[in-house]
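Residues per chain are reported as follows:
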Amino acid sequence: MKYLKFPGKMEMLQFNSEQFNSLFPFYFLLNNKMQIIKTGNSLAKLIVINRNEPFSEVFAIQRPVLETVADFKSSVNLCNQLISIKCLKKENISLRGQFQYLQQADKILFIGSPWFSSVEEIKENNLKLNDFAVHDPVIDLLHLLKTQEIVTDEVKVLLNTINKQKSDLKRLSLLAQETVNGVVITDASGKIEWINKGFEKITGYSLEEIKNKTPGSILQGKDSSAETINYLKQQILNKQPFVCEIINYKKNGQQYWVRINGQPLFDNKNMLTGFFAIEEDITQEKENELNLQHYEERFRIALEKIGDNVWIHDFESNTTEFSKNDTDFLGFDLSKTKINPQLWWNCVHPDDKWMLNKNNAAYLAGEIDHHNLEYRIIHKTGQVKWVLDRGIVFEKKNNLPLRIIGTHTDITKLKEAEATINTQKQFYETILNNIPSDIAVFDNTHKYLFVNPKGIKDENIRKWIIGKRDEDYIKFRNKPSYILEGRRKLFNEVLKSKKIKSWEEEVIKPDGSREYIIRNMYPYVNEKGIVELIIGYGVDITERIKIEQQLKIAQQETQEAALAKERFLANMSHEIRTPMNGILGITGFLEKTHLLPKQKEYVHLIKESTSNLLVILNDVLDLEKIIAGKLELEKTPFNVSQKIKAAAESFRHKAEEKYLTIKYKNNLPENLFVEGDPYRLSQVLLNLISNAIKFTEKGTITIGADIKQQSKNTIEISFFIADTGVGIAKNKLTQIFDPYVQAKADISRKYGGTGLGLSICKNLVEIQNGNITVESKEGKGSTFNFTITYKKAKQTTEPKPIVLNFKGLKNKNILVAEDVEVNQYVIENMLKNWGCKTTIVDTGKKAVQAVKSKSFDLILMDVQMPEMNGFEATEAIRKLSNKQKANLPVIAVTANSMKGISSRYKSSGMNDYILKPFDEASLFAVMEKFLLSKYPSKKIGVKKAMVYDAAKIKALAKGDDAFIKKLSEIFTRTSPQIFKALQEAIAEKNWQQAGKEAHKLKSSINSLGISDGKKLIEDIEQRCKTKKQLSTVALLCNKFKIVLDKSIEQLTNNFLN
Amino acid sequence: MYGIVNKAIEDLVIENFGAEKWDAVKLRSGVDIDFFISNEPYDDDVTFKLASAVSEELNITLSEVLIAFGEYWVLKTGKEKYGSLMEAGGSNLKEFLVNLPNFHNRIMLMFPKLTPPEFKVSNLEERSIHVHYISKREGLQDFTKGLLQGLGKLYNTAVTIELLEDRASGSHHEIFKVSW
Ligand code: HEM
């Protein structure tokens, strides 16, 4: 129960607790100990206060400010004052209210409410509207505050907006003020209120001077268009905007053109408040326009003078005016086109109309502002004409063309010419495009001007590339840059050299096949000598290259076959000769024994058969050699007459056996010496005589020779062998020289022989630069004629026929190295017969061994032996430290008669060779050279035997074998030429020239260290230069030739084979 | 009516249809006031012109405009500007409606020149209540309906509103039955 005391009436009001709480929900009651003994419901909700909790622990009095801590007494004194207390337990909570001292109870009652600064705080402190007494205005005050806050925010926004507008306005007015154009604002009746600086500047008037006057009244004058003035008045009267151009007058009376752009101004209520106008000085613009018109006029006249038809088309009225009204173009009167705008259109070729339609549409859409068309029109006469139609917009409206001006030019002739050129161009392009070779034409900066489809297949690329450089193409094709560099280099070379350049290219195609192309770059040089174009073209030579390759293979195969054949022949020859050596040798021994007449005949037959076999063998080999070009001709001086005689004589016996007469009709001098191969001459003669005897049953064989012609140095001799035999059928005459052919099929049966004889004769004659012919009558006989040209030679004493004087060989120690037993036996017997002492070994190894252990005078060395062959053995012997043994004469005994053998035995250090089968005489002849005293055993050794100085060459080459080879090659190639020149100069007695040639030879002879030749050539040079002792120069030359030939032979064998 | 009402209409339009639409509405309404100040009273006519212009401009009925505006008023204006006041009004729909008569009396303190409506409640049931709307103004019952709907939304309560009586049919005032 609470009591409230009303002063004055002293009447007590009574409330119950609930009532009191609802009136003052934030009250609290303090006892005199300043403890809080009671609190209102809402206060309890706001702050937790324990019962009897001291006031000072919960609250502090903020206002009024107390000097000491509030005690009960001082608090009582605070009654009737506004009290603000702060809550110590919770931040930011303070109460506003008043103390009331309750005397009776000696207590202080606080009545008040929490004081918040915003509505949000109520919620933050968990309070509701109901927690406040209904009479409490706190909440409403806070809401009022809130409303005020909202309004303040609104006002801020408003202010901002206004500020912005203000600054915008400021800027605008500045614009209006500062713009170069004149700005004028009038009131609703058109009287000036405001003008900007621009207006003052243009007109020269200031605002004070013209305020409240109408602009028209001060600016317009006598040249101002009345029509425009009227328009302006109307618009203003009707409150309408206005745009016009008019002549105005400045204050100083000067005229100017102005463009006026005016706008009525209305207020919110749509009431006219005035006018606003911008006045732009367009005097300059007007002048330009005028100039343009003049210019246009002049231009049009110029165009017309040129002969073009000038037109102007107006899109709005869709009319066209033409400057030339004559009937040139269409055959119609063009002046009427203005009335009939379709006239021109109607004449346009139907196939070309689309072009004009498209063009027109583009103009009207504002897409183009000029055009350039070529189309056809049909003349009144029906003739089709080409016209070049060009035009440009010269007047616009709303940014779209209003009028265009242009020209029509008759280009019919041009077109016709173009067409002709095109046909021609097509003609040539068809050719170029169909040539099966790729062609590209470049200008001199390597830009493509043309390329045909063979060059670039893809049509688009082909079009694209024109005008591009080759490097663009390489980049486009992603080819490696070295290709470009390569091509560029070639291009520049051609540009520089101005000469065609060709090269072969191998192209590997994706499928792996190869293509070969000859590429050419051909410069086209104009009259000024400048390369204008470069034409590149390629020709596919794959077919050719393939054929070449096949040919090469075929050639190789042929060569290999030839080689195989050669090897086969060599083997065969070897295999036959080896046993034959035995047969012949033993037959020889047999012959010397005591024999019954019958036995003698048999032995003779064996000998003859063997000889025949040998002839056949030799024939076959000879022929092959000749055919293979491997026959080596000798060059020795010999007496021709003697050779003929010997050949004739050798058959006398045989002839007599058949009762045939041999006549000898030699017209050559008895002692005619020539240089050549005597053996090959004999071979031909013997062959022909043998044939003659063979095919003649009775009559005469005539053998003879004549000088056909001769010069100072050469002599052509013709030989003949005539018989009275069976003759040769006419139809066979041409064949008889073919190998393996005989005149009659049955001949071989009847007469024997290989049929190679004549073929060999023909070949032998021909390789001696001769010629063989035959004349024959069947049944009457044949005459064979052949000629050979020889060099004349000085008479020499021919080696006398060998007299087999075995005595000199007595007790000579001979080493025989031979693996075939029969041949061992044959040689051993022959040597024993001559009184030699023999040692026989059957391998090369044993031969070397024997040489080491015993002393010999000579070695007969079979070439083919097991373990170590003859060559190897000889080389080993030559290397022995004992000089005498190392230099033993070694004679090769070989059954291999093929070419190369002789050089092979020489290079391995052998001194000579004898071919199996051999007879006593030939073996003796070869041995005699090395054993008898008249052939003093000279120092033997490969190196020493050489005419050139190997040591000197080697020193010169410093170990470079290729150098020696080159040196030899040059020497063997050039020195015969120089020598020939030397000989010719001597023959012509041109001594000066001869001296020069000799000098040339001298230096190369010197460098090779050919000492034998050095003295000779020096002599020759000396004599030619001094022109002394000239009679013997030719002789010296011949001597020198021998040395030269020898050195060439040696160099060839040792370094070039 | 106070500017806050017109401002709420402006916010509603701008927020949903853009500033240009608002300019159009204003142009159409013929109201030539650029800024509404919340605690300034404006002629009621302004509010009605704006509401009609919105209806015409957006091509919806006036009733729809008023309902939408009512909802917007509660959910946006009330909640955003006087959130604590709204919350202090009660912790659920029923409590709020029971307090409603008191509620507007308070608002009158904040807006002294208000011509406030008077609310009374009766027939309080567990899940419904009768809200009596006594106003000097005509034609705002749809606005009131929108307000009541908005309150339902505010308290996440699905409500049905039934107009039991209205002035047009001769009653003294409008009575809405709000059920939830
Ligand atoms: C924070 C919340 C509210 C505020 C600040 C507020 C404020 C106002 C204001 C300023 C007016 C204009 C009166 C004039 O200018 O004469 C008004 C009118 C009105 N208010 Fe509120 N109000 C609030 C909430 C409500 C609620 C929740 C309802 C009811 C359900 C309501 C119902 C009405 C009605 C029906 C009118 C129309 C006036 C008439 O019929 O005469 N208001 N209010």
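Scroll up to find the structure this text is about.
Note that the coordinates shown come from a computational prediction; the quantities given were computed from them, not determined experimentally.

**Q** Just to check I follow, could you spell out the overall build of chain A for this structure?
**A** Counting its secondary structure elements, chain A contains 35 helices and 36 strands. Across the 1057 residues in chain A, those meeting the buried criterion constitute 41%. Within chain A, residue pairs in contact and separated by at least 24 positions form 54% of the contacts whose partners lie at least 6 positions apart. Just so you have it, chain A exposes about 61,200 Å², and 53% of that area is on carbon and sulfur atoms.

**Q** Can you walk me through the interface of chain A and chain B in this structure?
**A** When the parts come together, some accessible area is lost, and that loss is often what is quoted as the size of the interface. The partner chain B presents 19 residues to the 20 residues of chain A that form the contact. Approximately 2,000 Å² of surface area, both sides summed, lies buried where chain A meets chain B, with 59% of it carried by carbon and sulfur atoms. Sorting the residues of chain A by area buried against chain B places L129, H143 and E154 of chain A first, and these three jointly supply 27% of that buried surface. Connecting chain A to chain B are 0 salt bridges. Inspection of the region where chain A meets chain B yields 2 residue pairs in polar contact (both at pLDDT 80 or more). At the level of elements, helix 5 (119-124) and helix 6 (138-178) of chain A are the ones that each hand at least two residues to the side of chain A that touches chain B. Ranked by residues supplied to the side of chain A that touches chain B, first place goes to helix 6 of chain A with 13 residues.

**Q** Can you walk me through the site of the ligand in this structure?
**A** All names here are of chain B. Surrounding the ligand, one finds 24 residues, the nearest of these being H104, T115, Y133, S135 and R137. Note that a nitrogen atom of the ligand is positioned 3.4 Å from one of the side-chain N or O atoms of W73. Among the secondary structure elements, those contributing two or more residues to the shell around the ligand are helix 1 (3-17), helix 5 (83-88), helix 6 (93-110) and helix 7 (141-154). Looking at the shell around the ligand, the element that brings in the most residues is helix 6, giving 5 residues.

**Q** What's the story with the packing of helix 33 (residues 991-1008) of chain A against helix 34 (residues 1011-1026) of chain A in this structure? I'm lost.
**A** Packed helices, taken two at a time, are described by the angle their axes make and the gap between the axes. Residues and elements named next belong to chain A. Interhelical geometry of helix 33 versus helix 34 gives an angle of 155 degrees and a closest axis separation of 8 Å. Relative to helix 34, the element helix 33 is oriented roughly antiparallel. Helix-helix and strand crossings are classified by hand; for helix 33 and helix 34 the assignment is left-handed. Where helix 33 abuts helix 34, its residues W991, A994, G995, A998, H999, L1001, K1002, I1005 and N1006 lie against G1013, K1014, I1017, E1018, I1020, E1021, C1024 and K1025. Residues of the contact of helix 33 with helix 34, tallied by class, amount to 8 nonpolar, 4 polar and 5 charged.

**Q** How should helix 13 (residues 353-364) of chain A be read in this particular structure?
**A** Note that an α-helix has 3.6 residues per turn; residues three or four places apart therefore point the same way. Residue and element names in this part refer to chain A. With 12 residues, helix 13 should cover 16 Å at 1.5 Å per step; its first-to-last C-alpha distance of 17 Å lies within 8% of that length. Within helix 13, the full set of buried residues consists of M355, L356, N359, A362 and Y363. Seen from one end, helix 13 has its buried residues packed into an arc of 125 degrees, which puts them on one side. Residues of helix 13 that are exposed and point more than 90 degrees away from the buried face comprise W354 and K358. Where helix 13 is buried, its residues touch helix 12 (342-347), strand 17 (370-378), strand 18 (384-397) and strand 19 (400-410).

**Q** Got a minute to help me understand the pairing of strand 4 (residues 174-179) of chain B in this structure?
**A** Looking along a regular strand, one sees the side chains alternate between the two faces of the sheet. Residues and elements named next belong to chain B. Counting buried residues in strand 4 gives 5 out of 6 residues, a clear majority hidden from the surface. Pairing between strand 3 (residues 160-165) and strand 4: 5 bridges, direction antiparallel. Residue pairing across strands places E162 opposite K177, the latter belonging to strand 4.

**Q** Mind showing me how you'd approach helix 20 (residues 640-657) of chain A here?
**A** All names here are of chain A. Spanning 18 residues, helix 20 covers 27 Å between terminal C-alpha atoms, matching the ideal 26 Å at 1.5 Å per step. Looking at the packing, one finds that the buried side of helix 20 touches strand 25 (636-639), strand 26 (660-666), strand 27 (673-676), helix 21 (678-694), strand 28 (699-710) and strand 29 (714-722). The residue sitting at the N-terminus of helix 20 and contributing the capping side-chain oxygen is N639; that oxygen lies 3.0 Å from the backbone nitrogen of S641.

**Q** Would you take a moment to explain the pattern of salt bridges for this structure?
**A** Pairs may arise between side chains of opposite charge once their charged atoms sit close together. Residues and elements named next belong to chain A. If you walk through the whole model with that rule in mind, you get 47 salt bridges over all chains. E285 serves as the salt-bridge partner of R259, at 2.5 Å between the closest nitrogen and oxygen. Of the two residues, R259 sits in strand 13 (residues 255-266) while E285 sits in helix 11 (residues 283-306), which places them 26 residues apart along the sequence. Residue classification places E285 among the partly exposed residues on the basis of a relative accessible area of 36%. A salt bridge links K1025 to E1021; its shortest N-O distance comes to 2.6 Å. Here E1021 and K1025 lie together in helix 34, a separation of 4 residues that amounts to about one turn. The class for K1025 is exposed, based on a relative accessible area of 53%. Taking the relative accessible area as the measure of exposure, E1021 reaches 6% and is therefore buried.

**Q** Help me understand the sheet that holds strand 3 of chain B, please; the structure alone is not making it clear to me.
**A** Through backbone hydrogen bonds, the strands of a sheet pair up, either in parallel or in antiparallel fashion. All names here are of chain B. Strand order in the open sheet formed by 4 strands is 1-2-4-3, with antiparallel pairing between adjacent strands. The open sheet is flanked by strand 1 (118-122) and strand 3, the only strands paired with a single partner. When the angles between neighbouring strand axes are averaged without regard to direction, this sheet yields 25 degrees. Pairing of strand 2 (residues 128-134) with strand 4 involves 6 bridges; the strand directions are antiparallel. Along strand 4, the bridge assignment pairs S128 with S179. Helix 6 rests against strand 1, strand 2 and strand 4 of the sheet, and its axis sits at about 155 degrees to strand 1. Against the sheet, helix 7 engages strand 1, strand 2, strand 3 and strand 4, with an angle of about 20 degrees to strand 4.

**Q** Mind showing me how you'd approach the packing of aromatic side chains here?
**A** The description of an aromatic ring pair rests on the distance of the ring centres and on the angle between the ring planes. Residue and element names in this part refer to chain A. With the rule as written, the count across this model stands at 31 aromatic pairs over all chains. Consider the rings of F72 and Y101, whose centres lie 6.1 Å apart with planes at 70 degrees: the pair is edge-to-face. On the criterion of sequence distance, the pair formed by F72 in helix 4 (residues 72-76) and Y101 in strand 8 (residues 94-102) is long-range, its members being 29 residues apart. Chaining the aromatic ring pairs together yields one cluster made of F28, F55, F59, F99 and F110. Its guanidinium or amino end placed over the ring of Y256, K250 lies 5.6 Å from that ring's centre, counting from NZ or CZ. Over the ring of W257 we find K286, and its NZ or CZ is 4.4 Å from the ring centre.

Parameters at a glance
- The residue count restarts for each chain, going from 1 along the sequence in the order it is written.
- Following the order in which they are written, the chains are lettered starting with A and the ligands numbered starting with 1.
- Owing to the predicted nature of the model, reporting of local features is limited to residues with pLDDT of at least 70; listing and counting of side-chain atom pairs is limited to 80 or more, with chain, interface and lining totals taken over all residues.
- For the side-chain quantities, the full set of heavy atoms in the structure was used; hydrogens and water were omitted.
- By definition, any uninterrupted DSSP run of H or I lasting at least four residues is a helix, any uninterrupted run of E lasting at least two residues is a strand, and each is numbered from the N terminus.
- Exposure classes here rest on a 1.4 Å probe applied to the protein chains alone. A residue is buried below 20% of its type maximum, exposed above 50%, and partly exposed in between.
- Working rule for contacts: check all heavy atoms of both residues, and any pair within 4.5 Å makes them a contact.
- Note that accessible areas follow from Shrake-Rupley with a 1.4 Å probe, and for residues the cover is restricted to the protein chains shown.
- We define buried area as the total accessible area lost by two parts upon association, computed with a 1.4 Å probe and summed across both.
- Think of a salt bridge as a Lys or Arg side-chain nitrogen and an Asp or Glu carboxyl oxygen that are within 4 Å of each other.
- Any N or O atom pair separated by 3.5 Å or less is treated as a polar contact, with the protein-specific requirement of one donor-capable and one acceptor-capable atom, and with residues adjacent in sequence counted only for side-chain atom pairs.
- Note on definitions. A residue lies near a molecule or strand when any single heavy atom of the residue is within 4 Å of it.
- Lines are fitted to the C-alpha atoms to define the axes, a helix being fitted only along its stretch in contact, and any angle between axes, read from their N-to-C directions, falls within 0 to 180 degrees.
- Here the angle decides the label: under 35 degrees means roughly parallel, over 145 means roughly antiparallel, 65 to 115 means roughly perpendicular, and every other value means oblique.
- Note on convention: the crossing is left-handed when the near helix lies turned anticlockwise from the far helix by less than a right angle, right-handed when the turn is clockwise.
- Three residue categories are used. Nonpolar comprises Ala, Val, Leu, Ile, Met, Phe, Trp, Tyr, Cys and Pro, charged comprises Asp, Glu, Lys and Arg, and polar comprises the others, including Gly.
- By this rule the span expected of a helix is its residue count minus one, scaled by 1.5 Å.
- Here, the arc refers to the directions that run from the helix axis to the C-beta atoms.
- DSSP calls a pair of strands paired once it identifies at least 2 bridges connecting them.
- Only the six-membered ring of Trp is used, alongside the rings of Phe and Tyr, when aromatic pairs are assigned; centres must lie within 6.5 Å, and planes under 30 degrees apart are stacked while those over 60 apart are edge-to-face, with the rest tilted.
- A ring is considered to have a charge above it if a Lys NZ or an Arg CZ atom is located within 6 Å of its centre and within 35 degrees of its normal.

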